[in-house]
Amino acid sequence: MQLSLWQRVRTRLFLFLVALKRRLTLGVRAVLIDGDKVLLIRQTYLPGWHFPGGGVEPHETAETAAAREAAEETGYRVEGRPVLHGLFFNRSLGSDRDHVAVYVWRRFASGGPFRPNLEVADCQWFASDALPSDVETGTAARIREIFAGTSPPAEWEA
């Protein structure tokens, strides 16, 4: 069934107004694993170590966003389809509408050496059982779940 021009305009206006009132944010994290090691970054604007990641842009899938963020922040180009580890509600940013999709890749290629920039101060591989003391709590929990093969909770820092 085809919508009339008026129905299309009305529907778009309604969805726009709903988005303004009920804005949901969707972020992604890319987990790159090499044997027993995991790649983490230290951002310039947040304390601690985190997975590479960021926001999903308009007209972009969450998986594509995670692959893009991994390449932009670390220089590693992921290969093949990832495994979706989980979709998490994230209260830590003071928002009641933030969700994070976590994708795991075990195949990737380096695009060259990492260079610190305005967003990412450092990028390093860590053994899953020897994480830095200042790794972000949710990041550490996701690493434990992935390496142990356990089911994740519904919330990022549950």
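For the structure itself, consult the block above.
Residues numbered from 1 in each chain as written. Predicted model: local features only at pLDDT ≥ 70, side-chain atom pairs only at ≥ 80, totals over all residues. Heavy atoms only, no water.

### Re the environment of G138
Rules: Put simply, DSSP H or I for four residues or longer makes a helix, DSSP E for two residues or longer makes a strand, and each gets a number counted from the N terminus. Exposure is judged per residue with a 1.4 Å probe applied to protein chains only, and the accessible area is read against the type maximum: over 50% gives exposed, under 20% gives buried, and values in between give partly exposed. Throughout, a contact is declared for two residues whenever any of their heavy atoms are within 4.5 Å.
Looking at the secondary structure, you find G138 in helix 3 (residues 137–148). Using a relative accessible area of 0% as the deciding quantity, one classes G138 as buried. When residues no more than four places from it in sequence are discounted, the contact partners of G138 are W156 and E157.

### Some thoughts on helix 2 (residues 62–74)
Residues three or four positions apart in an α-helix share a direction because the helix packs 3.6 residues into each turn. The test is simple: Here the expected span of a helix is defined as 1.5 Å times the quantity of residues minus one. Each C-beta atom gives one direction from the helix axis, and the arc is the one those directions make.
If you check helix 2, its first and last C-alpha atoms are 18 Å apart, about what 13 residues at 1.5 Å a residue would give, namely 18 Å. Of all the residues in helix 2, the buried ones are A62, A65, A66, E69, A70, E73 and T74. The buried side chains of helix 2 occupy one side of the element, clustering within an arc of 135° when seen end-on. Summarising the contacts, the buried residues of helix 2 are in contact with strand 1 (25–34), strand 2 (37–43), strand 4 (53–55), strand 5 (76–78), strand 7 (98–105) and strand 9 (120–127).

### A short note on the nonpolar core
Formally: In these notes, a set of buried Ala, Val, Leu, Ile, Met, Phe, Trp, Tyr and Cys residues joined through side-chain atoms within 4.5 Å is what counts as a nonpolar core.
Among the nonpolar cores identified, the biggest contains 17 residues, and V28, A30, L32, A66, Y103 and W105 are the most heavily contacted of them. Where this core is concerned, the elements lending two or more residues are strand 1, strand 2, helix 2, strand 5, strand 7 and strand 9. At four residues, helix 2 tops the list of elements feeding residues into this core. Those residues in contact with Y103 that lie beyond four places of it in its chain are V28, R29, A30, V31, A62, E63, A66, P82, V83 and L84. Listed in part, the 16 residues of the second largest apolar core include I33, F51, V100 and A140.

### Considerations on unusual backbone geometry
The phi torsion at H59 lies on the positive side, around 65°, for a residue other than glycine. Following the sequence through the fold, H59 ends up in the loop between strand 4 and helix 2.

### Here's the deal with the packing of aromatic side chains
As a reminder of what qualifies: Centre distance within 6.5 Å is the pairing criterion for rings of Phe, Tyr and Trp, where only the six-membered ring of Trp is used; planes under 30 degrees apart are then read as stacked, over 60 as edge-to-face, and the remainder as tilted. Charge over a ring is defined by NZ of Lys or CZ of Arg lying within 6 Å of the ring centre and within 35 degrees of the ring normal.
One pass over the structure, following the stated rule, counts six aromatic pairs. Between F88 and W156 the ring centres are 5.6 Å apart and the planes differ by 85°, which places this aromatic pair in the edge-to-face class. Pair noted here: F88 is in strand 6 (residues 83–89) and W156 is in the segment after helix 3, with a separation of 68 residues, a long-range link. An aromatic cluster of three or more residues is present, and its members are Y76, F108 and W125. One Lys or Arg, R142, reaches over the ring of W156 and ends 5.0 Å from the middle of that ring.

### Quick notes on the environment of A71
As for its position among the elements, A71 is in helix 2. In this structure A71 comes out as partly exposed when scored by relative accessible area, which is 32%. In this structure, the C-alpha to C-alpha distance between A71 and S110, residues 39 residues apart in sequence, is 8.9 Å.

No statement about biological role is implied by the geometric values presented.
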